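Residue-level structure breakdown
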Amino acid sequence: MALPDWSTIQALEPASLKQLFDADPARLTALSLDVAGIHFDWSKTHLMPEAIEAFTRLAADMGLAAKRDALFAGEAINVTEGRAAEHSAERGEGAPESVARARGFHARMRALIDAIEAEALGPVRHILHIGIGGSALGPDVLVDALGRDADRYDVAVVSNVDGAALEEALDRFDPQATLIAIASKTFTTTETMLNADSALAWLSGNGVEDPYGRVVALTAAPDKAVAWGVDETRVLPFAESVGGRYSLWSSIGFPAALALGWDAFEEMLEGAAEMDRHFRLTPLEKNAPVLAAFADLYYAQARGCETRATFAYDERLRLLPSYLQQLEMESNGKRVTAEGQPVAWPTAPITWGGVGTDAQHAVFQLLHQGTRLVPVEFIGVIEPGHAQGDAHHRQLLLNMFAQGAALMAGKPHQDPARAYPGDRPSSTLLLNDLDPRTMGALLAFYEQRTFVNAVLLGINPFDQFGVELGKEMARAAEQGGDFDASTSDLIQRAFG
């Protein structure tokens, strides 16, 4: 496999954002796209024609087109685990047999949802979704973003093994009207299964005669769910080739499909499929995930940026930065190539962010005047998500636009403490509306952007061995394992 050659990109003559705009009257047009209800604007990044040409050559050298085809064909591109990565098949874009299998699993999920809506499992008003990582973050971001006005079911997503997280949900739920969804790809995840045991005990302790009869299992290991006690009719499988952090399109999205309604879930899948088709069929220089990855890699490889910040100027997207942290850092936080050789270049930057306008009064001081260069991504929605006066939404979006302008322009001042250096990059995603279709397209954009980054970095984005060691050592600690002096002392102090 080829290794990425960053020399041409690193040798690009730097130009300020003002110089780039002054030199090219068509810059905005060249670096803006409209796809699936989302307007993308990279004109306030330092991408220039020479950089895009260099990245396009790099993409050819790294076989991006062939790897993209392999992704959608269901080939075993997850080389370290010897399997495909078929999340796109869940939304209808993949190998025909994989798409057919996903549709079969979706039909099974819909049939169970129809039964729940018909009260075949008794009256259900509350959904307690228990998972961790991708088994929790995906459903959580969907329900929080799209379900605020929904009155079908009250959904709580619990991931933390801290009992306070579970109690917070249980305290507001009626056990006689609660359905528990246990989401675990392997159905062995320690934190998830402990929370599940406690939730079952809560049902039993509050007079529910058949606690297991109120459980739905979302898993790629259906046999283990049945062995644990879930009736086979309430096990919703998904394919082993669907990774956890890419799984919200599968049965892991069950609580969102239940809370939002099946039509909304299908709209989300179609919005994601539209972005998939754009990614698969559009030339690189006009391809949204590809251009976004080019900008990401320019700042990481040529400018030495170690972080990237995302700020959602919409309260409904408040969980998006947390969702992106797992998607990007678990996928591309690697130190070896796909062939297992050490990398000699930066891989994933640290992803962080927050919600505007709150973040302006917390972290934007560093973004405007700090010593570290941080590429910023703004996300806004044209249609407001509330019934308050127009002034609220107008102020929200004007603040977002003004922050991008201020980062670029800066402002000189004779007092250095009041001077803004400017020339600080930002990109903007402006959604027409935050509906299921556009939400699906947005999340699929981030998935494919992560994939492009990985291909150009020469790494595998579909394994996550780095999360295992700490979990193994936690199990060893439970069994009285031998640790360093500091860790042994901490365990002794905590537990005696």
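The following paragraphs examine the structure supplied in this document. (Residues numbered from 1 in each chain as written. Predicted model: local features only at pLDDT ≥ 70, side-chain atom pairs only at ≥ 80, totals over all residues. Heavy atoms only, no water.)

**Things to note about the overall build of the protein**
For clarity, the cut-off: Numbering goes from the N terminus for both helices and strands, where a helix is a DSSP run of H or I of at least four residues and a strand is a run of E of at least two. With the radius of gyration taken over C-alpha atoms, the globule rule is written as 2.2 Å times the number of residues to the power 0.38. Exposure was quantified through the Shrake-Rupley algorithm and a 1.4 Å probe, taking into account, for residues, occlusion by the shown protein chains and nothing else. Lys and Arg are tallied as positive, Asp and Glu as negative. Neither His nor the chain termini are counted. Taken as the charge centre is NZ of Lys, CZ of Arg, CG of Asp or CD of Glu, depending on the residue.
Across its full length, the protein carries 19 helices and 11 strands. For 496 residues, the compact-globule estimate of 2.2 N^0.38 gives 23 Å, and the protein sits close to it at 24 Å. For the protein, the exposed area adds up to about 21,500 Å²; of that, 52% sits on carbon and sulfur atoms. Where the 40 positive side-chain charges of the protein centre and where its 67 negative ones centre are 4 Å apart.

**A short note on helix α17 (residues 436-457)**
Residues separated by three or four positions in an α-helix point in the same direction, a consequence of the helix having 3.6 residues per turn. Rule in force here: In a helix, the anticipated span is given by 1.5 Å times the number of residues less one. Each residue is placed in one exposure class: buried if its accessible area under a 1.4 Å probe, protein chains only, is under 20% of its type's maximum, exposed if it is over 50%, and partly exposed if it falls in between.
Compared with the 32 Å implied by 1.5 Å per residue over 22 residues, the 32 Å span of α17 between its first and last C-alpha is a close match. When you tally the buried positions in α17, you get 20 out of 22 residues, the bulk of the element. Following α17 by one or two positions, Gly458 adopts a phi angle in the positive range, close to 80°.

**Thoughts on the nonpolar core**
The cut-off we apply is this: In plain words, nonpolar cores are sets of buried Ala, Val, Leu, Ile, Met, Phe, Trp, Tyr and Cys residues tied together by side-chain atoms within 4.5 Å. Whether two residues are in contact is decided by their heavy atoms, any of which lying within 4.5 Å being enough.
By size, the foremost hydrophobic cluster in this structure holds 108 residues, and its most contacted members are Phe40, Trp42 and Phe254. Dropping the residues within four chain positions of it, Phe40 is found in contact with Leu31, Ser32, Leu33, Val35, Met275, Ala288, Thr428, Leu429 and Phe445. Residues Leu166, Phe187, Ala196 and Leu203 belong to the second largest nonpolar core, which totals 23 residues.

**Observations regarding the packing of helix α6 (residues 96-117) against helix α12 (residues 262-281)**
Going by this rule: Only the stretch in contact is used when fitting a helix axis, every axis being a line fitted to C-alpha atoms; angles between N-to-C directions are given from 0 to 180 degrees. For this classification, under 35 degrees means roughly parallel, over 145 means roughly antiparallel, 65 to 115 means roughly perpendicular, and everything else is oblique. When the near helix sits turned anticlockwise from the far one by under a right angle, the crossing is termed left-handed; a clockwise turn instead gives a right-handed crossing. Put simply, Ala, Val, Leu, Ile, Met, Phe, Trp, Tyr, Cys and Pro go in the nonpolar bin, Asp, Glu, Lys and Arg in the charged bin, and everything else, Gly too, in the polar bin.
Axis separation between α6 and α12 bottoms out at 11 Å; the angle between their running directions is 160°. Compared by their axis directions, α6 and α12 come out roughly antiparallel. Crossing of α6 against α12: the hand is right-handed. Listed contacts from α12 to His106, Met109, Arg110 and Ile113 of α6 are Trp262, Phe265 and Leu269. Class assignment for the residues of the contact of α6 with α12 results in 5 nonpolar, 1 polar and 1 charged.

**As for helix α9 (residues 190-205)**
Across its 16 residues, α9 extends 22 Å between first and last C-alpha, which sits within 8% of the 22 Å expected from 1.5 Å per residue. Residues of α9 that are buried include every one of Thr192, Met193, Asn195, Ala196, Ala199, Leu200, Trp202 and Leu203, and no others. Where α9 is buried, its residues meet β3 (126-130), β4 (154-158), α8 (163-170), β5 (178-183), β6 (215-219) and α10 (222-228). At the exit of α9 stands Gly207, carrying a positive phi of roughly 85°.

**Section: the sheet that holds β6**
Selection rule: What makes two strands pair is DSSP finding at least two bridges between them.
Pairing in this open sheet of 5 strands is parallel, and the strands run β4-β3-β5-β6-β7 from one edge to the other. Taken across any chain shown, the strands that pair with only one partner, and hence form the sheet edges, are β4 and β7 (235-237). Strand-to-strand twist in this sheet, taken as the mean axis angle between neighbours without regard to direction, amounts to 20°. In this sheet, β7 lies alongside β6 in parallel orientation, the contact comprising 3 bridges. Each residue of the ladder has a partner; that of Thr219, found in β7, is Pro237. Lying over the sheet, α6 contacts β5, β6 and β7, oriented at roughly 155° with respect to β7.

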